[in-house]
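Read off the chains here:
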Amino acid sequence: MGKKSKYPEYSSGSVEINGNTVATATKKDDNTISSSYNMSDTEKNIYDGIQNNLASSLGSLFDISDSTQKQWQNQLEAYKQEGIDQINSIYTPMETALKNDIASRFGNFDNSIFMDNLSNITDNKAKAVADLSDSLVMKQDELYTNELANRINYVTLLSNLNTTMNNNILNYMQLADSNANSGNNYNANAYNAQNSGSSFLSGIADIGSTALSFINPLAGAASKLGTSALKTSYTSNGSLYA
């Protein structure tokens, strides 16, 4: 039988971009296969920034800081003052005009018709103030809802960026694994082809030896001794020739 060649070692794989190795697949000393992605300094800064901000944003997603609450309070006070100014600009002139009209006509406020009109204006003004109070509560809820929505959008953006980077990393690592597999398949095929050829030649010699032994047991036995023994004799048609 022919001697088999040594089985090839593990073929590593890599991916290069613009001459830089970005991903590798190698075998460690403990026979484990390791795939790795080599980040540039810029990529690492971006990746670390996404990870840190994502963790921080998720940890404080529903926490409202004192500064944010103070900012909201200032906005609500400004909104309240604006509403009061609008109410006063509408109802105060109406009240003043009606009072002056009553005084000029009757010298007092005892006329029931005019007093009813004044009462209606006052009631409408009070209702406007109450509506403003309800609006302030709604405004406060709106501030919180908008703040939470903005935070969730920011977390979503960070999460999408993180997923995109991880997917790209995995794709490059899988490509490095694929390159390693291609190399190992090539080595295995070459190994099998080489050893198949050796087995084929060895098989031919064995067949020749068997045939010769069938014709002449002595010649067949001699074939096992070497070339000089094979040259001593062979048989043809039952006659022995030197």
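None of the values given here were measured: they were computed from a predicted structure.

**Q** Looking at this structure, I do not really get the overall build of the protein. What am I missing?
**A** Secondary structure summary: the protein contains five helices and five strands in total. Across the 242 residues that make up the protein, the buried fraction comes to 22%. Within the protein, residue pairs in contact and separated by at least 24 positions form 60% of the contacts whose partners lie at least 6 positions apart. With an accessible surface of roughly 17,000 Å², the protein has 53% of that area assigned to carbon and sulfur atoms.

**Q** Sorry, what's going on with the side chain of Ser57 here?
**A** The topology assignment puts Ser57 in helix H1 (residues 41–59). Relative accessible area serves as the criterion here: at 15%, Ser57 is assigned to the buried category. Those residues within four positions of Ser57 in sequence are excluded, and the remaining contacts are Tyr154, Val155 and Leu158.

**Q** I'm lost on the environment of Thr24 in this one. Help?
**A** With respect to the helices, strands and loops of the structure, Thr24 is situated in strand E2 (residues 20–27). On a C-alpha basis, the gap between Thr24 and Ser34 in space is 8.1 Å, while along the polypeptide they are ten residues apart. Ignoring sequence-local partners within four residues, the contact set of Thr24 consists of Gly13, Ser14, Ser34, Ser35, Ser36, Asn38 and Ala176.

**Q** Can you walk me through the pattern of salt bridges in this structure?
**A** Once the charged atoms of two side chains with opposite charge are near each other, the side chains can pair. Using the criterion set out here, one finds four salt bridges in the structure. The salt bridge involving Glu147 is made with Arg151; its shortest N-O contact spans 3.0 Å. In this pair, Glu147 and Arg151 are both assigned in helix H3 (residues 112–215), four residues apart and thus about one turn of the helix distant. According to the relative accessible area criterion, Arg151 is buried, its value standing at 19%.

**Q** Please clarify how the sheet that holds E2 should be interpreted in this entry.
**A** Sheet architecture is open: three strands sit in the order E1-E2-E3, paired in antiparallel fashion. Both edges of this open sheet fall to strand E1 (13–17) and strand E3 (33–37), since each of them pairs with a single strand only. Geometrically, the sheet is characterised by an average inter-axis angle of 10° between neighbouring strands, direction not taken into account. Bridge count between E1 and E2: five bridges; the pairing is antiparallel. Looking across to E2, one finds that Ser14 is bridged to Thr24.

Reading the values: rules and limits
Residues numbered from 1 in each chain as written. Predicted model: local features only at pLDDT ≥ 70, side-chain atom pairs only at ≥ 80, totals over all residues. Heavy atoms only, no water. Helix = DSSP H or I, 4+ residues; strand = E, 2+ residues; numbered from the N terminus. Buried < 20%, exposed > 50% of the residue type's maximum accessible area, 1.4 Å probe, protein only. Contact = heavy atoms within 4.5 Å. Areas by Shrake-Rupley, 256 points an atom, 1.4 Å probe, with all protein chains shown as cover. Salt bridge = Lys/Arg side-chain N within 4 Å of Asp/Glu carboxyl O. Pairing = 2+ DSSP bridges. Axes fitted to C-alpha atoms, helices over the stretch in contact; angles between N-to-C directions.

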